[in-house]
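Given next are the chains, with one letter for each unit.
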Amino acid sequence: MVKLIIRHLSKSYKDKKRKSSSALKNVSLDLDINGIFTLIGRNGAGKTTFIRIVSTELLPSAGRVYLDGIDVVKNPKEIRDRIAVIPQEAELIPWMTARENIYAYLLWRGLSFKEAKERTNAVISRFKLEKYADKLPRKLSGGTKRKVLVALVISSDAKIIFLDEPTTGLDPISRKELWDVLNQLKKEHLIILTTHYLEEAEELSDYIIILNKGKLVKAGTINDIRNAIGYPYAIKIFNGLSKKIRLNGKVVKKNDGTFQVFSDEITANNLAKKLIKTKVKFSINPTSLEDIFYMLVGDINKEEEK
Ligand SMILES: Nc1ncnc2c1ncn2[C@@H]1O[C@H](COP(=O)(O)OP(=O)(O)O)[C@@H](O)[C@H]1O
Ligand SMILES: [Mg+2]
């Protein structure tokens, strides 16, 4: 378990032309985390700002951050050996092969030539990258490049890995491959991830934080969040709903004529029994993260307004 304590964290950016804009607003957390810890939110919600501050790249405007027992604002150097970061839109160095990229990174982190070489070989074989290792990045697919980047940060032996939108722009197959890699890595590392793909966050995360306009909206396991909003179950009713059946909970009528009813367990059970009697086609599932996000914040694909 890694302790993450955040107290009243705020960040405003100032530049000459624009007035100051507030990217994080009074965020506080106190958690023991392991596995995959995911920040979700729209573009502009503050995810990258959060990652940059917690990984010591950026100073906050106010507040404190303690990661693994270290005050990262006061003592950034103390945490740096324990963390590795792939920033949003990170690229491999284009004139170096995949192997050279990994090797150079390890030298930069302070390893000896010998150790860097051994670790580079080990990580290439672990990630089955032998076929690609001696190619330049421009010869590699987007998915393979992303895998090389993950291999590179993992080779450092850092306990805590930050990945800022590692799957954005990848095709579905490469994305699933990367999920497999992350599911392996979470056994040995804490992964702090950001994504705006909600099914990805639901599939991978042990803990989720929802940010909106720089504010913390909800935090918890997916089940915590489902229960906290009071609608842990989603019933989808396909057609032929009798007018006699009253729908309790939160009812959404979709354009295709189906209904979606969000409710607690007892209400869901009662409704299911009635629907079975009237032979209406329906499905019942735990409420998806996408539906939860929609209820709390709205459409994830809308740009964040300032
Ligand atoms: N370097 C910067 N200078 C000025 N404003 C910034 C800078 N970086 C981010 N912002 C602003 O801060 C807000 C949060 O951005 P960011 O943390 O990148 O969000 P996300 O990663 O969730 O898309 C946005 O309104 C963005 O425009
Ligand atoms: Mg970002």
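Residues numbered from 1 in each chain as written. Chains lettered and ligands numbered in written order. Predicted model: local features only at pLDDT ≥ 70, side-chain atom pairs only at ≥ 80, totals over all residues. Heavy atoms only, no water.

(A) Representation of the coordination of the magnesium ion (ligand 2). Protein-derived coordination of the magnesium ion (ligand 2) comes from Thr48 (OG1) and Gln88 (OE1), at a distance range of 2.0 to 2.1 Å. One end of the pair, threonine 48, is in helix α1 (residues 47-54); the other, glutamine 88, is in the loop between β6 (83-86) and α3 (98-108), and 40 residues separate them in sequence. A relative accessible area of 26% means that threonine 48 is categorised as partly exposed. On the accessibility criterion, glutamine 88 (30% relative accessible area) is partly exposed. (Donors = N, O, S within 2.8 Å, 3.2 Å for Na, K, Ca; no water. Helix = DSSP H or I, 4+ residues; strand = E, 2+ residues; numbered from the N terminus. Buried < 20%, exposed > 50% of the residue type's maximum accessible area, 1.4 Å probe, protein only.)

(B) Just the sheet that holds strand β10 (residues 215-220), in detail. Reading across from one edge, β6-β7-β8-β3-β9-β10 is the order of the 6 strands in this open sheet, with mixed pairing throughout. Whereas interior strands pair on both sides, the edge strands pair on one side only; in this sheet they are β6 and β10. Taking each pair of neighbouring strands and ignoring which way they run, the sheet shows an average axis angle of 15°. As paired elements, strand β7 (residues 160-164) and strand β8 (residues 190-195) share 5 bridges and run parallel to each other. Residue pairing in the sheet places aspartate 164 in a bridge with threonine 194 of β8. Along the sheet, helix α8 (residues 222-229) contacts β9 (207-212) and β10; its crossing angle with β10, the most-contacted strand, is approximately 115°. (Pairing = 2+ DSSP bridges. Axes fitted to C-alpha atoms, helices over the stretch in contact; angles between N-to-C directions. Contact = heavy atoms within 4.5 Å.)

(C) Main features of the domain arrangement of the protein. Partitioning the protein into structural domains gives domain 1 (2-12 + 23-226) and domain 2 (233-286). For domain 1 and domain 2, the distance between their C-alpha centroids amounts to 40 Å. (Domains from an automatic or database assignment.)

(D) Region of the structure containing the site of ligand 1. Contacts to ligand 1 come from 12 residues, most closely from Gly44, Gly46, Lys47, Thr48 and Thr49. Taking glycine 44, its main chain carries an N or O atom lying 2.6 Å from an oxygen atom of ligand 1. A distance of 2.5 Å is found between an oxygen atom of ligand 1 and a side-chain nitrogen or oxygen belonging to threonine 49. Surface burial for ligand 1 is 73%, taken as the share of its 560 Å² of free accessible area covered by protein chains. If one sorts the elements of the shell around ligand 1 by residue count, α1 sits on top with 3 residues. Class assignment of the residues belonging to the shell around ligand 1 gives a composition of 3 nonpolar, 5 polar and 4 charged. (Near = heavy atom within 4 Å. Polar contact = N/O pair within 3.5 Å; in protein donor to acceptor, adjacent residues only side chain to side chain. Areas by Shrake-Rupley, 256 points an atom, 1.4 Å probe, with all protein chains shown as cover. Nonpolar A, V, L, I, M, F, W, Y, C, P; charged D, E, K, R; others polar.)

(E) Up close: the pattern of salt bridges. Evaluated as defined, the whole model comprises 13 salt bridges. Two residues, aspartate 206 and lysine 186, come together in a salt bridge whose shortest N-O distance is 3.0 Å. Here aspartate 206, found in the loop between α7 (198-204) and β9, pairs with lysine 186, found in the loop between α6 (172-185) and β8; they are 20 residues apart in sequence, far enough to count as distant. Between arginine 226 and glutamate 202 there is a salt bridge, and its shortest N-O distance comes to 3.1 Å. Of the two residues, arginine 226 sits in helix α8 while glutamate 202 sits in helix α7, which places them 24 residues apart along the sequence. The exposure class assigned to glutamate 202 is partly exposed, which follows from its relative accessible area of 28%. (Salt bridge = Lys/Arg side-chain N within 4 Å of Asp/Glu carboxyl O.)

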